[in-house]
Amino acid sequence: MTVLASLRSPDRLPARTAVRGEGWRALLHPGILIPTLVLVIAVLWAVAPALFTSQSPTQTVAPSLLAPSAEHWFGTDATGRDLYARVIYGASQSIIGAIVAVLVGLVVGTAIGVTAGAVGGAVDEVFMRFVDVLLAIPGLLLSLSVVILLGFGTTNAAIAVGVTSIAVFARLARSRVVSVRVSDFVEAAYGSGGTFFGVLWRHVLPNSITPVIALAALQLGSAILQISTLGFLGYGAPPPTPEWGLLIAEGRNYVATAWWLTVLPGAVVVAVVLATNRLSQAIGRKDAA
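Figured I'd write up the structure that's included with this text. Nothing here was measured: the structure is a model prediction, and the numbers come from that model.

Quick word on the pattern of salt bridges
Scanning the entire structure with this criterion turns up 7 salt bridges. Between Asp77 and Arg81 there is a salt bridge whose closest N-O contact spans 2.9 Å. The exposure class assigned to Arg81 is buried, which follows from its relative accessible area of 11%. Residue Arg129 is joined to Asp132 by a salt bridge in which the shortest nitrogen-to-oxygen separation is 2.9 Å. Here Arg129 and its partner Asp132 are both found in helix α5 (residues 121-136), 3 residues apart, which amounts to about one turn of the helix. We classify Asp132 as partly exposed; its relative accessible area is 29%.

A word on the packing of helix α4 (residues 83-119) against helix α10 (residues 209-233)
When two helices pack together, you describe them by how their axes are tilted relative to each other and by the distance separating the axes. Where α4 meets α10, the axes come as close as 8 Å, and the angle between the chain directions of the two elements is 135°. Here α4 lies oblique to α10, going by the angle between them. Here α4 runs over α10; the crossing is right-handed. Touching Ser94, Gly97, Ala98, Ile99, Ala101, Val102, Leu106 and Thr110 of α4 are Val212, Ala216, Gln219, Leu220, Ala223, Ile224, Ile227 and Ser228, all from α10. The residue inventory of the contact of α4 with α10, partitioned by class, reads 11 nonpolar, 5 polar and no charged.

A few points about the side chain of Thr110
With respect to the helices and strands, Thr110 occurs in helix α4. When sequence neighbours within four positions are dropped, the list of residues in contact with Thr110 reads Gly105, Phe169, Ala173 and Val212.

Quick word on the environment of Tyr235
Relative to the assigned elements, Tyr235 resides in the loop between α10 and α11 (244-251). Expressed as a C-alpha distance, the spacing of Tyr235 and Leu246, which sit 11 residues apart in the sequence, is 9.3 Å. Not counting chain neighbours up to four residues away, the residues in contact with Tyr235 comprise Leu144, Val147, Ile148, Phe152, Gly153, Ala157 and Leu230.

Looking at unusual backbone geometry
In this chain, Pro239 is followed by Pro240 through a cis amide linkage whose omega measures 5°. Residue Leu65 is not a glycine yet carries a positive backbone phi of 55°. Mapped onto the secondary structure, Leu65 falls in the loop between α3 (30-47) and α4. Given the relative accessible area of 29%, Leu65 is considered partly exposed.

So, the packing of α4 against helix α7 (residues 154-181)
The geometry of α4 relative to α7 is characterised by a closest axis approach of 5 Å and an angle of 35° between their N-to-C directions. α7 is crossed by α4, and the crossing has right-handed handedness. A class-by-class count of the residues in the contact of α4 with α7 yields 20 nonpolar, 10 polar and 2 charged.

Comments concerning the environment of Ile34
Along the chain, Ile34 turns up in helix α3. Considering only alpha carbons, one finds Ile34 and Arg278, 244 residues apart in sequence, at a separation of 9.7 Å.

As for the packing of aromatic side chains
This model, assessed by the stated rule, comprises 5 aromatic pairs. Judged by centre distance (5.1 Å) and plane angle (45°), the ring pair of Trp73 and Tyr84 falls under tilted. In this pair, Trp73 sits in the loop between α3 and α4 while Tyr84 sits in helix α4, placing the two residues 11 residues apart along the sequence. On the basis of relative accessible area, Trp73 is assigned to the exposed category, the value being 54%. Given a relative accessible area of 11%, Tyr84 falls into the buried group. Arranged with centres 5.2 Å apart and planes meeting at 75°, the rings of Phe74 and Tyr84 form a pair that is edge-to-face. Of this pair, Phe74 sits in the loop between α3 and α4 while Tyr84 is found in helix α4, placing the two residues 10 residues apart along the sequence. For the residue pair Phe74 and Tyr84, the accessibility class agrees, reading buried in each case. Taken together, the aromatic side chains of Trp45, Trp73, Phe74 and Tyr84 make up a single cluster linked through ring pairs.

Parameters at a glance
Residue indices begin from 1 for each chain and proceed along its sequence in written order. With pLDDT at 70 or above as the cut-off, local features in this predicted model cover only qualifying residues; side-chain atom pairs require 80 or more to be listed or tallied, and sums for whole chains, interfaces and linings still use all residues. Water and hydrogen atoms play no part in the side-chain values, which are based on all heavy atoms of the structure. Salt bridge criterion: a side-chain nitrogen from Lys or Arg within 4 Å of a carboxyl oxygen from Asp or Glu. When accessible area is computed with a 1.4 Å probe and restricted to protein chains, residues below 20% of their type maximum are described as buried, those above 50% as exposed, and intermediate ones as partly exposed. Note on conventions: DSSP H or I runs of at least 4 residues are helices, E runs of at least 2 residues are strands, and numbering of each starts at the N terminus. For every element, the axis is a line fit to its C-alpha atoms; helices are fit only across the contacting stretch, and the angle between N-to-C directions ranges from 0 to 180 degrees. An angle counts as roughly parallel when it lies under 35 degrees, as roughly antiparallel when it exceeds 145, as roughly perpendicular when it falls between 65 and 115, and as oblique in every other case. Two helices cross in a left-handed way if the nearer one is turned anticlockwise from the farther one by less than a right angle. They cross in a right-handed way if the turn is clockwise. Contact criterion: two residues are considered in contact whenever any of their non-hydrogen atoms come within 4.5 Å of each other. Side-chain classes are defined by residue name, with Ala, Val, Leu, Ile, Met, Phe, Trp, Tyr, Cys and Pro counting as nonpolar, Asp, Glu, Lys and Arg as charged, and the others, Gly among them, as polar. Any pair of Phe, Tyr and Trp rings, taking the six-membered ring for Trp, is counted once the centres come within 6.5 Å. Such a pair is stacked with planes under 30 degrees apart, edge-to-face with planes over 60 apart, and tilted for the rest.

What follows is the structure, encoded as structure tokens:
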């Protein structure tokens with residue numbers, strides 16, 4: 001009776017409820033909720049832009065250089081196209097391109113890092129020297145070199161940006177695999193008859209992947225900035241296809257007379273990048289805890 005009473009005592013029940021409450025409060029915290037909403041809206045812009053505007057992003061719909069109003073939320077550009085529609089449709093170029101870039105860096109870089117950390121020896125030396133070469137080249141210079149070789153366009157720009165992030169993913173994945181590989185539970189798994197690939201898949205990778213995912217979230221914001229930079233320089237989507245960097249470039253000659261052409265697309269880019277950085281920090285803190 002004493003044991004059952006202690007198990008049913010109210011001292012234990014609030015503890016479990018408190019843990020659940022803490023989890024919900026963490027998710028509903030403005031520092032997490034607002035960045036999440038920003039990213040959800042941006043992704044919806046990219047996959048279903050027609051849900052947010054009925055205007056065409058490439059056709060003239062009003063007089064040129066109209067200021068923001070209730071009819072045209074972001075105003076119109078120099079040719080009378082609705083800037084809000086162009087920003088929304090430009091999300092598909094910038095965000096999807098950034099996702100492709102992150103996937104390229106994540107897959108290739110993680111594969112290199114995991115292989116180097118798990119195998120070690122000469123393989124580790126060769127792979128890490130290759131990574132050092134990539135790190136020695138400035139990211140923008142490397143992405144420009146790759147996109148010039150591949151040709152202009154959002155897809156090629158995304159691949160170029162992804163190449164610049166391979167080294168970062170590789171170094172992080174290798175460091176995590178090396179630290180987990182020497183853990184007691186990994187040694188115990190080998191001692192109980194585990195194979196190299198079995199231990200790597202069941203024990204090493206699950207305990208190494210969370211920081212890599214946090215880095216992927218952080219790299220998403222960086223990829224958006226880099227793709228926008230390439231678009232601004234003219235290496236991204238060709239006009240009149242809307243792309244965030246291209247929109248800022250098109251409005252730079254009208255800063256004094258039509259500030260909204262650069263400020264509003266730039267504000268969208270900043271908001272999305274800050275949101276991805278905030279969520280990346282949250283994932284990193286959760287892993288550290």
